[in-house]
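Here is what each chain is made of, one letter per residue.
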Amino acid sequence: MDYQLTETQQEIVNIARELGEKKIKPVREHYDETEKFPWDVVEDIRKADLFGVYLPEAYGGLGGGNFELVIAAEQLARSCGGIALSALTSSLCALPILLYGSPDQRKKYLTGLATGEKLGAFCITEPASGSDATSMRARAVLDGDHWVLNGIKNFCSGGEVASTYVVFFSTNPARGNRGISAFIIEKGTPGFSFGKKEKKMGIRCNPTYELVFKDCRIPKENLLYKEGHGLFVAQGTFDLSRPGVGAQALGIAQGALDETLAYTRQRRQFGVPVSSFQAMQHMIADCATAIEASRALLYSVTRAMDRDLGPATEKAIKEGITVADAMKALGAKRWTKESAMVKVLCSDTAMKVTTDCVQMCGGIGYMRDFPVEKFMRDAKITQIYEGTNQVQRNEIGMAIIKEAAAGAVREAVAA
Amino acid sequence: MPIKIAVCVKRTPASTSVAIDAAGKVQTKGLPHGINPFDEYAVEEALRLKEKLGGTVTVVSAGEAEAEEVIRAAIALGCDDGVLLSDPAFAGSDGSVTASVLAAALRKAEAKLVLFGKETTDGASGQMPAFTAAWLDWPSVIGVRKVAAASEGELTVERLMEDGVDTLTLSLPAVVGVIKEINEPRLPSLKGKMAAKKAPVTKWTAADLGLDAAKLGAAGSPTEVVGLEPVPARPAGLVIAGATPEEKAKALVEKLKEAKFI
């Protein structure tokens, strides 16, 4: 399928694909097995200029948008969903800073993230606060010119290896939804340390850590956007970041199908390649169809988002305001529904396709010597993080009912 | 001190399995092509020398207009500019004549150090570094697995031999043929690729190089390819059956005796 990429976009795809084939494939099993962070591949991704494809040129990026991010992530994840995440977790830190950061914060933090010299991470989860972010207990209290942070956050993807963290704290527990604020914290700040490292089912090379804050003092200006707007920052970020998870999922699905096609075409039973059996062909057809449909939605939604994000970013840089405020000023819509749809479709596709790929490969597909089972393990997280697919469906359902209600009101008025 | 380095690359089919037509010519039209894999090591070494000594790397390729693709691919990795040697008069030139074209271009480009890959994946003659050095009347070493020391005036290299390694020092200008043991080629960067699209690639014809058309092409070549045939397919292997390792070993010994290997 020709998605009419520009010359630059095609180069992003080519470079990410070549990097995946030459640098990721040979080491993916090693990093999955050892659960070590792939610093050497991160260096390759950095040298290939892939870290900043979606960030403005003013901060050392390529000047692309969400579309550039997803096409790069898809190709990296096609070789390894875990290693691709080492770049994607950085984008989940850069996006809230891009959207809600002040001009000074953008300049200070995005530059290192765009080149890949610094890695970023994002953490909102707590042991007792997952989908319900309002139940968070970690506290930030203003003390003169500093915020004092206390509490435990967990399940932080890219924890410990990242230099820059966007973390959410309750600044006013009495205010619930309006009592949460986002902060930018740098590794090495006294009082900020790393707790337990999780042992995971998939994406095992990407470290998932507990973040521990004990009287950690950060400058007042490290507050991201406004006090009490943390949940808004998180939701606005997820609106634009979920396609990144979709791209990771899509890459995983495609990579599993690539491996499965290669295997089923050469594996012979009853004197013929097993791919010549119609039972197999129907499974291949379903996988390929689901992948292409997911890709079509992912690409069209991110392209539409970029038509808002591009001008808003330009306006924000020119006028010295936040991108989020610029989007509002330009009348940009919220992308909650569409980004949730992308994430649900791509991640459900990834789970279904990778499961079917293990099935098509038979016994060897289940073995860890063969790459397909890893794709299945890596796929599962994409249905869970950045909002479970159940939460995504809530968002989609709610948005559709709101749209229908608004339409009903309009019809009533017209009548 | 800065040094003017040139690296010679060729555009070759990406696959080594190609058809041979009725006229005995290799059919490569329409096949995916790329930079000759052995040349990637030469490009990498040229870039490393440039990073160490300063200076520039010029990519030189002789071929049809499409060869510009591989010149730009090498520029994307960090080379500075390129020269495409293209002229219908060059068509059909043998190794020696092609080398005479390269030599004329390298002289015109004022290169002081010329790097080549071991051989190409299509012709695979492996003659180009030595022929080119002969035309230039410069010292040359092929089979280089390491550049041990480099300066503006000379180069010390390790040449891999069947029975060991020679360490040789060449005065510049010189020609060096590298082998794949020498380095691990880098991958292109996005910014490199974008810059490569706009990089200058000069085109030189026989006339630009002051070459005599009578000494070029198939007619001007002292050698001629008289026949080509595909490499015969590898015969199927033999699986020795048997219930136990002992039984299998016995059967294997029988087979080896039968074939008069033992």
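Source: prediction; values computed, not measured.

Here we come to the overall build of chain A. If you tally the helices and strands in chain A, you get 12 helices and 10 strands. At 22 Å, chain A has a C-alpha radius of gyration in line with the 22 Å of a compact globule built from 415 residues. Along the longest, intermediate and shortest principal axes, the C-alpha atoms of chain A span 80 × 65 × 40 Å. Out of the 415 residues belonging to chain A, those deemed buried represent 51%. A separation of at least 24 residues holds for 75% of the contacts in chain A among residues at least 6 apart in sequence.

With that settled, consider the sheet that holds strand β1 (residues 3–8) of chain B. Strand pairs in the sheet, formed through backbone hydrogen bonds, run parallel or antiparallel to each other. Residues and elements named next belong to chain B. Strand order in this open sheet of nine strands is β11-β10-β9-β12-β8-β1-β6-β7-β13, and the pairing throughout is mixed. Of all the strands in the sheet, just β11 (164–171) and β13 (201–204) have a single pairing partner and so form its edges. Here the strands of the sheet are splayed against their neighbours by 35 degrees on average, with no regard to which way each runs. Note that β1 and strand β8 (residues 113–116) share three bridges and pair parallel. Bridge pairing links valine 7 to leucine 115 in β8. Of the strands in this sheet, β1, β6 (55–62), β7 (81–85), β8 and β13 are in contact with helix α3 (residues 95–108), which crosses β6 at around 150 degrees.

In this section: the confidence of the model for chain B. When pLDDT is averaged across chain B, the result is 92; 100% of the residues are at 70 or more. Reported confidences for the modelled complex are a pTM of 0.88 and an ipTM of 0.82.

Looking now at the nonpolar core. Ranked by size, the top nonpolar core spans 122 residues in total, and within it Leu50(A), Ala73(A), Cys93(A), Phe183(A) and Leu224(A) carry the most contacts. If one sorts the elements of this core by residue count, helix α7 (residues 230–266) of chain A sits on top with 14 residues. Apart from residues no more than four positions distant in its own chain, Leu50(A) is found in contact with Ile15(A), Ala16(A), Ile45(A), Ala72(A), Ala87(A) and Leu190(B). Of all hydrophobic cores here, the second largest spans 65 residues; its members include Leu85(B), Val141(B), Val175(B) and Val176(B).

Reading the values: the criteria
- Counting from 1, residues in each chain are numbered in the order their sequence is written.
- Labels are handed out in written order, letters beginning with A for the chains and numbers beginning with 1 for the ligands.
- At least 70 in pLDDT is required for a residue's local features to be given in this predicted model, at least 80 for side-chain atom pairs to be given and counted, and no such filter applies to totals for whole chains, interfaces and linings, which use all residues.
- Numbered from the N terminus, helices here are DSSP runs of H or I no shorter than four residues, and strands are runs of E no shorter than two.
- Here the globule rule reads 2.2 Å times residues to the power 0.38, and the radius of gyration is calculated from C-alpha atoms.
- Put simply, a residue is buried when 20 or more other C-beta atoms lie within 10 Å of its own C-beta and exposed when 12 or fewer do; between those, it is partly exposed, and each C-beta is set from the backbone.
- Residues are scored as being in contact if the C-beta atoms we place from backbone atoms lie within 7 Å.
- In short, DSSP must find at least two bridges between two strands for them to pair.
- Convention adopted: a line fitted to C-alpha atoms gives each axis, helices being fitted over their contacting stretch, and angles between N-to-C directions are expressed from 0 to 180 degrees.
- pLDDT expresses, on a scale from 0 to 100, how confident the predictor is about each individual residue.
- In this description, a nonpolar core means buried residues of the types Ala, Val, Leu, Ile, Met, Phe, Trp, Tyr and Cys, linked to one another by C-beta atoms lying within 7 Å.

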